[in-house]
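What follows is each chain in one-letter form.
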Amino acid sequence: MNGPNIAVVGASGAVGEVMLSILAERGYPARQVTALASERSAGSQVAYGQTRLTVGDLSGFDFAGVDYALFSAGGSISKEFAPRAAGAGAVVIDNTSAFRYDDAIPLVVPEVNAHALAGIHGGTIIANPNCSTIQMVVALAPVHRAAGIARVNVATYQSVSGAGRRGMQELETQTADRLDDRAIEVSKFAQPIAFNVLPQIDEMLDNGYSREEMKMVWETQKIFGDPDILVNATAVRVPVFVGHSEAVHFETREPVEIDEIRSLLQEAPGVELVEGQGMIHATPVTHGAGTDTVFVSRLRRDLTHPRGVSMWVVADNVRKGAALNAVQIMKWLEGSRSASPGGNIGTSNVHSA
């Protein structure tokens, strides 16, 4: 094949497995796909479509010749190995928070700010935003372009898959224990998650907000390129396996009719408006899990503000909130490379396939 050489770092984790699944199911024309993880996982096998890949040891891997390195192995791993991969000429697309707040590194959601990828070349690191931010800005972007977003007040209802495989295992175990009247053991989360709601995700900062909440503030402003957008977030963990939900309340800078917003959402790439019939609305189980779309329901005018709007936003946090977004970035760059006269993304640092 004449496609790129791709390395997936963190291939044995939940996001890495979905990255490989997306690459395989879409028939992405890769010349070679390499699965990498820590020494502990090296030698194991992961699914890549109908085949199996043997996981290599990241610590000893030579990134020379790799066109794209997709990282999803944790911030400390990315800080150590992403610069190494970029130094070897790869475009690194990192799914952790390691580089998101570096002004020199683009933070990209292709449906929202693909223009930030212009001129990207081999040896560059690109950051994937937080999963809760991604689905919110995809839904807000068409309205922001039309009328400007002045302020966002959001409450998230985040699934345990956002805490990785251990979070999912803990919900499963605690649910069984609770139903069988056994003692609940707490490990991944600070309090029991089964049949419960936890109003803190990540560490608490000095301003009284959690880091997860402040991620939505910092990232929304950076992605939209607008530090004047006010964002107020409350991040909550709920006993759902896959799929984040958000109650999003926003105010526009310019007046806009609710029917115009409805039309904007219906036409927006990556968005599906689910107009509830009876009690049917978008949910993580019925709509989000296993899909690539950001679903919007409960669209309505805010009764307390003349330019206020409320909506309910649902998406698969592992797919669109992580793995798919990274693959979309890579696909955009590949399209740019194919369109350029020399066949490269930007410079000769990109290894030709």
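Check the entry above for the structure.
Every value quoted in this text rests on a predicted model; they were computed, and no experiment measured them.

Draft legend 1. Here's a closer look at the packing of aromatic side chains. Overall, the coordinates contain four aromatic pairs when judged by the stated rule. Residues Phe 61 and Phe 63 carry aromatic rings whose centres are separated by 4.9 Å and whose planes lie at 85° to one another, so their mutual orientation is edge-to-face. Taking the relative accessible area as the measure of exposure, Phe 61 reaches 21% and is therefore partly exposed. Given the relative accessible area of 2%, Phe 63 is considered buried. Judged by centre distance (5.1 Å) and plane angle (70°), the rings of Tyr 101 and Trp 218 are edge-to-face. With Tyr 101 in the loop between β7 (91–94) and α3 (110–113) and Trp 218 in helix α6 (residues 211–224), this pair connects stretches of sequence that are 117 residues apart. When its relative accessible area of 31% is taken as the criterion, Trp 218 is described as partly exposed.

Draft legend 2. Structural detail: unusual backbone geometry. The backbone phi angle of Phe 195 is positive, close to 60°, even though this residue is not glycine. Along the chain, the position of Phe 195 falls in the loop between α5 (165–179) and α6. At Arg 298, a residue that is not glycine, the phi angle is positive and equals roughly 55°. One can find Arg 298 in strand β13 (residues 294–301). Judged by its relative accessible area of 41%, Arg 298 falls in the partly exposed class.

Draft legend 3. Focus on the pattern of salt bridges. Under the defined criterion, the tally for this structure stands at 14 salt bridges. Notably, a salt bridge pairs Arg 182 with Asp 177, separated by 2.8 Å at the nearest N-O pair. Using a relative accessible area of 42% as the deciding quantity, one classes Arg 182 as partly exposed. Two residues, Lys 215 and Glu 212, come together in a salt bridge whose shortest N-O distance is 3.5 Å.

Cut-offs applied
Residues numbered from 1 in each chain as written. Predicted model: local features only at pLDDT ≥ 70, side-chain atom pairs only at ≥ 80, totals over all residues. Heavy atoms only, no water. Phe/Tyr/Trp six-rings, centres within 6.5 Å; stacked < 30°, edge-to-face > 60°. Buried < 20%, exposed > 50% of the residue type's maximum accessible area, 1.4 Å probe, protein only. Helix = DSSP H or I, 4+ residues; strand = E, 2+ residues; numbered from the N terminus. Salt bridge = Lys/Arg side-chain N within 4 Å of Asp/Glu carboxyl O.

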